[in-house]
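# Working through the structure, step by step
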Amino acid sequence: MNEESERSQRHTARMARKKAVVDAAIAHASEQRGVLLVLTGNGKGKSSSAFGMVARTLGHGMTAAVFQFIKGKGDTGEQSFFQRQANLRWERCGEGFTWETQSRERDMAAARMGWDKARVALGDPSVHLVILDEMTYLFKYGYLSLEEVLSVIASRPAHQHVVVTGRAAPEALCMAADTVSEIADIKHAFRAGVMAQPGIDL
C-alpha cells in the first residue's frame with residue numbers, strides 16, 4: 001500500500017470516529033425551546049452576527065423584532081435592507097452614541113422608552129426572535145435594571161429566541177444565557193486610520 005492510500009485510510013477512519021461523536025451529540029440534543037444568546041467582547045461583528053440570525057429567521061418565514069439601543073443616528077445598510085422585509089419590526093431606541101448626546105437624562109429616557117417597546121415584543125408569542133442590540137451598555141451606565149430585564153426575558157414565550165449584544169456583558173446575564181460568544185479584538189482597520197465604510201462598518 002502506498003503512502004497516499006494509507007493517508008486516505010487514516011482519514012476515513014478518523015472521519016468515521018468523528019461522525020460517531022457528532023451523531024451522538026445530535027441525538028443527545030433533543031430539547032427544542034427558545035434560547036437566550038449573548039454576543040459580547042471588544043471585537044467587531046457582534047451586531048452583524050445578530051442580524052445574520054434575523055436573516056435566518058425571516059428566511060424560515062418567521063417573525064423578528066430588532067431594538068437598537070445607543071447606536072448613532074445615521075442609517076446603516078442592515079437597517080435599510082431589513083426594513084424592506086416582511087415579518088420584521090425595527091426600532092431605533094436611542095438618540096445616538098453617548099458621546100454624541102452628552103446627556104445622561106436623555107439617554108436614560110430613550111433607553112426606558114426603547115425597553116418599554118421591547119417588553120411588548122418579549123411578551124408576544126407571534127415574535128420568534130428578539131434582538132436587543134447594544135443593550136449591555138444600558139446595564140453598564142445604570143440606565144436599566146439587569147434584574148428587571150432578566151425577569152422579563154425569563155417569562156417570554158417558550159419558543160422565542162433572544163439575542164443580547166454589546167461589550168462587557170455582565171456576569172449575571174452570561175450566567176442566564178444558553179449561549180455566550182465573546183468576539184475578540186485582534187486588529188482593526190480604524191486604528192490604522194481607515195474610516196468606517198458602507199457595506200463593512202455601517
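The structure we're discussing is the one just above.
Summary of the structure given here.

Reading the values: rules and limits
Residues numbered from 1 in each chain as written. Predicted model: local features only at pLDDT ≥ 70, side-chain atom pairs only at ≥ 80, totals over all residues. Heavy atoms only, no water. Helix = DSSP H or I, 4+ residues; strand = E, 2+ residues; numbered from the N terminus. Buried < 20%, exposed > 50% of the residue type's maximum accessible area, 1.4 Å probe, protein only. Contact = heavy atoms within 4.5 Å. Areas by Shrake-Rupley, 256 points an atom, 1.4 Å probe, with all protein chains shown as cover. Lys, Arg positive; Asp, Glu negative; His and termini not counted. Charge placed at Lys NZ, Arg CZ, Asp CG, Glu CD. Pairing = 2+ DSSP bridges. Axes fitted to C-alpha atoms, helices over the stretch in contact; angles between N-to-C directions. Core = buried A, V, L, I, M, F, W, Y, C linked by side-chain atoms within 4.5 Å. Patch = residues over 30% accessible without salt bridge, like charges linked within 9 Å, V, L, I, M, F, W, Y side chains within 5 Å. Salt bridge = Lys/Arg side-chain N within 4 Å of Asp/Glu carboxyl O. Phe/Tyr/Trp six-rings, centres within 6.5 Å; stacked < 30°, edge-to-face > 60°.

Here the focus is the overall build of the protein. Check the secondary structure of the protein and you find eight helices and six strands. For the protein, the N- to C-terminal ordering of α and β elements is α-β-α-β-α-β-α-α-β-α-α-β-α-β. Projected onto its principal axes, the C-alpha positions of the protein cover 75 × 45 × 35 Å. Counting over 202 residues, the protein shows a buried share of 37%. Within the protein, contacts between residues at least 6 apart in sequence are counted, and of these 77% link residues at least 24 apart. Roughly 12,100 Å² of accessible area belongs to the protein as shown, and the carbon and sulfur atoms make up 54% of that amount. The positive charge centre, built from 25 side chains, and the negative charge centre, built from 23, are 3 Å apart in the protein.

Of all five residues in strand β5 (residues 161-165), four are buried, a share of seventy percent or more. Two strands pair when backbone bridges link them, and strand β1 (residues 36-40) and β5 are joined in this way by four bridges, in the parallel orientation. Considered in β5, the bridge of Leu 39 is made with Thr 165. Note that strand β4 (residues 129-133) and β5 share four bridges and pair parallel. Pairing of Ile 131 across the sheet is with Val 163, part of β5.

Moving on, we come to the sheet that holds strand β3 (residues 88-92). Spatially, six strands are ordered β3-β2-β4-β5-β1-β6 in an open sheet, and the strand pairing comes out parallel. Where the open sheet ends on each side, the last strands, each with one partner, are β3 and β6 (179-182). Strand-to-strand twist across the sheet, computed as the mean angle between neighbouring axes with direction ignored, equals 10 degrees. Where β1 and β6 come together, four bridges link them in parallel fashion. Counterpart to Leu 37 in the pairing with β6 is Thr 179. Sitting on the sheet, helix α2 (residues 46-59) touches β1, β2 (64-68), β3, β4 and β5, and the angle it makes with β4 is about 165 degrees.

Right, let's get into the nonpolar core. Counting 31 residues, the largest nonpolar core has Phe 67, Leu 132, Met 135 and Leu 173 as its most contacted members. Contributions of two or more residues to this core are made by β1, β2, α5 (104-122), β4, α6 (136-140), α7 (146-154) and β5. In this structure Phe 67 touches Arg 89, Glu 91, Cys 93, Gly 114, Lys 117, Ala 118, Ala 121, Val 130, Ile 131, Leu 132 and Asp 133, once residues within four positions along its chain are discounted. By size, the runner-up hydrophobic cluster in this structure holds 15 residues, among which are Phe 51, Met 53, Val 54 and Ala 64.

A surface patch of positive charge is lined by Arg 7, Arg 10, Arg 14 and Arg 17. Mapping Arg 14 onto the fold places it in helix α1 (residues 3-28).

Residue position: Thr 136 is located in helix α6. Discounting residues that sit within four places of it in the chain, Thr 136 has contacts with Val 164, Thr 165, Gly 166, Arg 167, Ala 168, Ala 169 and Leu 173.

The subject of this paragraph is the packing of aromatic side chains. Summed over the entire model, instances satisfying the criterion amount to five aromatic pairs. Where Phe 81 meets Phe 82, the ring centres are 5.3 Å apart and the plane angle is 70 degrees; that geometry is what we call edge-to-face. Consider the rings of Tyr 141 and Tyr 143, whose centres lie 5.6 Å apart with planes at 45 degrees: the pair is tilted. A relative accessible area of 30% places Tyr 141 in the partly exposed class. Each member of the aromatic cluster is reached from another via a ring pair, and the members are Phe 51, Phe 81, Phe 82 and Trp 90.

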